[in-house]
Amino acid sequence: MCRVVDLQQAVLAKNEEAAQVLRAELAARGTTVVNLLSSPGSGKTELLERELLLARQRGVPVAALTADLATENDAVRLARSGVPVKQVLTDGLCHLEAGMLGRHLDGWLPAGTRLLFVENVGNLVCPASYDLGESLRVVLASVTEGEDKPLKYPTAFGLAHLVVVTKTDIARAVEFDEAAFRAHVQRVNPGVEVVLTSARAGEGVGALLNRALAVGSGGAVHAPVMAGQPHPNAHYHHPDHAHPHPHPHPHPHPDPAVAQAR
């Protein structure tokens, strides 16, 4: 058991070092990283597409990197916004890590990029423990996922700088209890802001962009109480664990439909 704990701490410590280096390098370039975490089907891709389009219309230099186990569907969708987009296929790995992100940004991230949105693998367990060098960590949950989502995934919600609720246009139909959801969020992350959005109805569109720009301009960032504490749900890959890739090495596969946005 001690060996497992030691390995876990070593993996997270190595990632933390890489994240600090990447954060400093990107800050020197004037780039603010926004890490987006959610379960599959939360609607984060649709919302992100709207935010990227708005950023382009406002003349804000942005780029997006999206990670998935398979398919380039999300990158193709995000490329419709007209901003630079890159797909990372993890081939089974359930999260991004700072070193991986840095390697994929090397030689790709356009000079002068002010905001980089990273759409993490759809998962609220694995990605929660890995700092990617972001300045703003956003956790999204749709109204269909249940008001107790923050209690089921305390690490993800507990380390968020901002919580975004999606698909509010169907909140009444699914009997979403906003007050209960907010109470559960505050239980695991006191003081964090909760923003309501609907990509289809337009509610809250632009809020994510505005928060990211504010952070990039030196604005205050929420300080989660859980930050700096051991993560109860910390996830790592044991070297003896049966996994298609025992160490992270995602393979990007170019797609003609995405190329014009690169």
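Here the structure is a predicted model, which means the values were calculated and not measured.

Q: Pulling in residues and values, what's your account of the sheet that holds strand β2 (residues 62-68)?
A: Read from one edge of the open sheet, seven strands run β3-β2-β4-β1-β5-β6-β7, paired in parallel fashion. Lying at the two open borders of the sheet, with one neighbouring strand each, are β3 (85-89) and β7 (193-196). Averaged over all pairs of adjacent strands, the angle between strand axes in this sheet comes to 20 degrees, irrespective of strand direction. The pairing of β2 with β3 spans five bridges and is parallel. Its bridge partner lying in β3, A67 is registered against V88. Along the sheet, helix α4 (residues 98-105) makes contact with β2, β3 and β4 (115-119), crossing β2 at roughly 125 degrees. Along the sheet, helix α8 (residues 207-216) makes contact with β1 (32-38), β4, β5 (136-142), β6 (162-166) and β7, crossing β1 at roughly 140 degrees.

Q: Outline the side chain of E51, supporting the account with residue identities and numerical values.
A: Take E51: it is sitting in helix α2 (residues 44-57). In this structure the side chain of E51 is engaged in a polar contact, spanning 2.8 Å, whose partner is the backbone nitrogen of G206. Beyond its immediate chain neighbours, meaning those up to four positions away, E51 contacts G204, V205, G206, A207, L208 and L209.

Q: I'd like to hear about the packing of α2 against α8, residue by residue, with values.
A: Where α2 contacts α8, the axes come no closer than 8 Å and their chain directions differ by 60 degrees. For the element pair α2 / α8, the angle class is oblique. Packed against α2, whose contacting residues are E51, L54 and A55, the element α8 presents A207, L208 and L209 at the interface. Each residue belonging to the contact of α2 with α8 can be placed in one class, and the counts come to five nonpolar, no polar and one charged.

Q: Account for helix α7 (residues 178-188), with residues named and values stated.
A: Along α7, the positions that sit buried rather than exposed are F181, V185 and V188. One side of α7 holds all its buried residues, which, seen down the axis, span an arc of 70 degrees. Opposite the buried face of α7, at more than 90 degrees from it, the exposed residues are A179 and R187. In this fold, the buried residues of α7 make contact with β5, α5 (149-152), α6 (154-158), β6 and β7. The opening residue of α7 is D177, an N-cap whose side-chain oxygen sits 3.3 Å from the backbone nitrogen of A179.

Q: Explain the packing of aromatic side chains residue by residue, including any values.
A: Per the counting criterion, the structure on display carries two aromatic pairs. With centroids separated by 6.4 Å and ring planes inclined at 80 degrees, the aromatic side chains of F157 and F181 adopt a geometry described as edge-to-face. Of this pair, F157 sits in helix α6 while F181 is found in helix α7, placing the two residues 24 residues apart along the sequence. Residues F157 and F181 agree in their burial class; the two are buried. Between F176 and F181 the ring centres are 5.7 Å apart and the planes differ by 50 degrees, which places this aromatic pair in the tilted class. The burial state of F176 is the same as that of F181; both residues are buried.

Calculation criteria
- Residues numbered from 1 in each chain as written.
- Predicted model: local features only at pLDDT ≥ 70, side-chain atom pairs only at ≥ 80, totals over all residues.
- Heavy atoms only, no water.
- Pairing = 2+ DSSP bridges.
- Helix = DSSP H or I, 4+ residues; strand = E, 2+ residues; numbered from the N terminus.
- Axes fitted to C-alpha atoms, helices over the stretch in contact; angles between N-to-C directions.
- Contact = heavy atoms within 4.5 Å.
- Polar contact = N/O pair within 3.5 Å; in protein donor to acceptor, adjacent residues only side chain to side chain.
- Parallel < 35°, antiparallel > 145°, perpendicular 65-115°, else oblique.
- Nonpolar A, V, L, I, M, F, W, Y, C, P; charged D, E, K, R; others polar.
- Buried < 20%, exposed > 50% of the residue type's maximum accessible area, 1.4 Å probe, protein only.
- Arc of directions from axis to C-beta.
- Phe/Tyr/Trp six-rings, centres within 6.5 Å; stacked < 30°, edge-to-face > 60°.

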